[in-house]
There are 2 protein chains.
Amino acid sequence: MLKLYYAPGTCALASHIALEEAGAHYETVRLSFKTEDQKKPEYLKINPKARVPSLLTDHGVLSETPALLLYIAQTHPAAKLAPLDDPFELARVQAINSYLCSTVHVAHAHRMRGYRWTDDAAAIESMKKKVPQTVGECFALIEREMFEGPWVMGASYTICDPYLFTLSQWLGADGVDIEKTPKIADHFKRMSERPAVRKAVADETQLQSAA
Amino acid sequence: MLKLYYAPGTCALASHIALEEAGAHYETVRLSFKTEDQKKPEYLKINPKARVPSLLTDHGVLSETPALLLYIAQTHPAAKLAPLDDPFELARVQAINSYLCSTVHVAHAHRMRGYRWTDDAAAIESMKKKVPQTVGECFALIEREMFEGPWVMGASYTICDPYLFTLSQWLGADGVDIEKTPKIADHFKRMSERPAVRKAVADETQLQSAA
């Protein structure tokens, strides 16, 4: 049985959606960042980085979204969530997910988590100001150079799709108008209507309201 | 024939080393960041992100270090650079490389490339000040929680090793004493002595001197 540790409003949603798409047998454990559950000793034993997501498997714990997504795809091959038999296409998937992880998510993080990289309050404020530009430039590049359509990688839905959807959710709060990237806006809308996405989002929202 | 686009002193070295370790048939193309080769129209056609590394293959271009490393390992299975037949262990490799890419490299980048995330000169200076702490904490975490020894993943040398080595190279300039993480310091020393590492480093240094 897989167990996904997540916090609402985080990139863990991408793995949550992928587990649903894969038809995986899994359960979830909700952490609250408000009460800093991710820094509590019992969670640090699971993930010493104090981050989400973490995925508890029969073999041990995994972390980092691109790794979880690849693992879910590889262990549920019938769901065809990645081009597992084509090293070049699989590397393209990993390239997209690496970019989302190391450039796009990082650009976004400068709005809420600038304290990671400076102790100066004025610097943190100045970082926030640039987020609409940096995140907007990332999405413009994805729209122009990476997004194949109708899915990120082209005709086939892959593990890139829930990850892009998860970051697209944050665009409004990041000060970026999703309509400026019409292909991604359309992708976001189509993703929102998928049963797996609705199920994962509803689970996270419901638990959040109940907390 | 593979073609690796790199710039000296960048994370492209990790892929360069991996190509050597794999015994790959490849050539390299050196870019100079000083003359901003990465922003020139001919390179933007190869990599519109204006970053290195890029790997030109018979199927097209790949970017992002974790993707290149996985591709090199998958297409050169005899070199055994990753646990390709074990989804859990392969995901662990990807988790390490994702962390190096999205947290460690990003922490480091705030020393030289703070302009990516703010337009304010004072904020850029304040970011530089925190780099010894943030990069130091990343390496302390790797030493304590991730590094299995003698190689990153344990008994087998993998694509995590050239990537960690590449980031370890920057510790001095980042204001971090590598000796505070003795396992990583020992890894760095052993890596430096490997023929593949010496070859890749010499190639990049030689070309740099000649430029």
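## Some points on the nonpolar core
No. 1: Counting residues in hydrophobic clusters, the biggest one holds 130 residues, and the most contacted among them are Ile142 of chain A together with Ile142 of chain B.
No. 2: Setting aside anything within four residues of it in sequence, one finds isoleucine 142 of chain A in contact with Tyr99, Leu100, Val104, Phe147, Leu164 and Ile184 of chain A.
No. 3: Counting residues in hydrophobic clusters, the runner-up holds eight residues, among them Val106, Ala109 and Met127 of chain A together with Ala109 of chain B.

## Remarks on the environment of glutamine 38 of chain B
Residues and elements named next belong to chain B.
No. 1: When you line up the elements, glutamine 38 lands in the loop between strand 2 (26-30) and helix 2 (41-46).
No. 2: For glutamine 38, a relative accessible area of 8% puts it in the buried group.
No. 3: In this structure, the C-alpha to C-alpha distance between glutamine 38 and arginine 198, residues 160 residues apart in sequence, is 25 Å.
No. 4: Once you skip the residues sitting within four places of it in the chain, glutamine 38 turns out to touch Leu31, Ser32, Phe33, Tyr43, Leu44 and Ala50.

## With respect to the sheet that holds strand 4 (residues 60-63) of chain B
No. 1: On the basis of which strands lie adjacent, the open sheet formed by four strands has the order 2-1-3-4 (chain B) and mixed pairing. Edge strands, defined here as strands with exactly one partner in the open sheet, are strand 2 and strand 4 of chain B. Across the sheet, the mean angle separating the axes of adjacent strands is 20° when strand polarity is ignored.
No. 2: Relative to strand 4 of chain B, strand 3 (residues 54-57) of chain B is paired through four bridges, and the arrangement is antiparallel. Considered in strand 4 of chain B, the bridge of leucine 55 of chain B is made with leucine 62 of chain B.
No. 3: Set on the sheet, helix 4 (residues 87-112) of chain A makes contact with strand 3 and strand 4 of chain B; between it and strand 4 of chain B the angle comes to about 40°.

## So, the packing of helix 3 (residues 65-75) of chain B against helix 4 (residues 87-112) of chain B
Residues and elements named next belong to chain B.
No. 1: At a minimum axis separation of 9 Å, helix 3 and helix 4 run at an interaxial angle of 150°. Taken as axis vectors, helix 3 and helix 4 run roughly antiparallel relative to one another. For the crossing formed where helix 3 meets helix 4, the hand is right-handed. Here helix 3 contributes Pro66, Leu69 and Leu70 to the contact with helix 4, which in turn contributes Leu90, Gln94, Asn97 and Cys101.
No. 2: Counted by class, the contact of helix 3 with helix 4 contains five nonpolar, two polar and no charged residues.

## Considerations on the pattern of salt bridges
Residue and element names in this part refer to chain A.
No. 1: Applying the stated criterion to the full structure yields 28 salt bridges over all chains.
No. 2: Among the salt bridges present, the one from glutamate 89 reaches arginine 92, with a minimum N-O distance of 2.8 Å. Linking glutamate 89 with arginine 92, this pair stays in helix 4, spanning three residues, or about one helical turn.
No. 3: Overall, glutamate 89 belongs to the partly exposed group, its relative accessible area being 25%.
No. 4: The shortest N-O distance in the salt bridge between glutamate 145 and arginine 144 comes to 3.4 Å.
No. 5: On the basis of relative accessibility, which here comes to 55%, the residue arginine 144 falls in the exposed class.
No. 6: Counted as one network, the salt bridges with shared partners bring together Glu20, Lys199 and Asp203.

## Quick word on the interface of chain A and chain B
No. 1: With 46 residues of chain A in contact, the opposing surface of chain B contributes 46 residues.
No. 2: In this assembly, chain A packs against chain B so that about 3,600 Å² is buried in total across both faces, 68% of it on carbon and sulfur atoms.
No. 3: Of all residues in chain A, Phe88, Trp117 and Lys130 of chain A give up the largest surface area on contact with chain B, accounting jointly for 17% of the area buried on that side.
No. 4: On the surface where chain A and chain B come into contact, there are two salt bridges.
No. 5: In this structure, lysine 130 of chain A and aspartate 119 of chain B form a salt bridge, with 2.5 Å as the shortest nitrogen-oxygen distance.
No. 6: The interface formed by chain A and chain B contains five residue pairs in polar contact (both at pLDDT 80 or more).
No. 7: Listing elements by their share of the side of chain A that touches chain B, those giving two or more residues are strand 4 (61-63), helix 3 (65-75), helix 4 and helix 5 (121-146) of chain A.
No. 8: By residue number, the principal contributor to the side of chain A that touches chain B is helix 4 of chain A, which donates 15 residues.

Quick notes on the rules
Residues numbered from 1 in each chain as written. Chains lettered and ligands numbered in written order. Predicted model: local features only at pLDDT ≥ 70, side-chain atom pairs only at ≥ 80, totals over all residues. Heavy atoms only, no water. Core = buried A, V, L, I, M, F, W, Y, C linked by side-chain atoms within 4.5 Å. Buried < 20%, exposed > 50% of the residue type's maximum accessible area, 1.4 Å probe, protein only. Contact = heavy atoms within 4.5 Å. Helix = DSSP H or I, 4+ residues; strand = E, 2+ residues; numbered from the N terminus. Pairing = 2+ DSSP bridges. Axes fitted to C-alpha atoms, helices over the stretch in contact; angles between N-to-C directions. Parallel < 35°, antiparallel > 145°, perpendicular 65-115°, else oblique. Left-handed = near helix turned anticlockwise from the far one by under 90°. Nonpolar A, V, L, I, M, F, W, Y, C, P; charged D, E, K, R; others polar. Salt bridge = Lys/Arg side-chain N within 4 Å of Asp/Glu carboxyl O. Buried area = accessible area lost by both parts, 1.4 Å probe. Polar contact = N/O pair within 3.5 Å; in protein donor to acceptor, adjacent residues only side chain to side chain.

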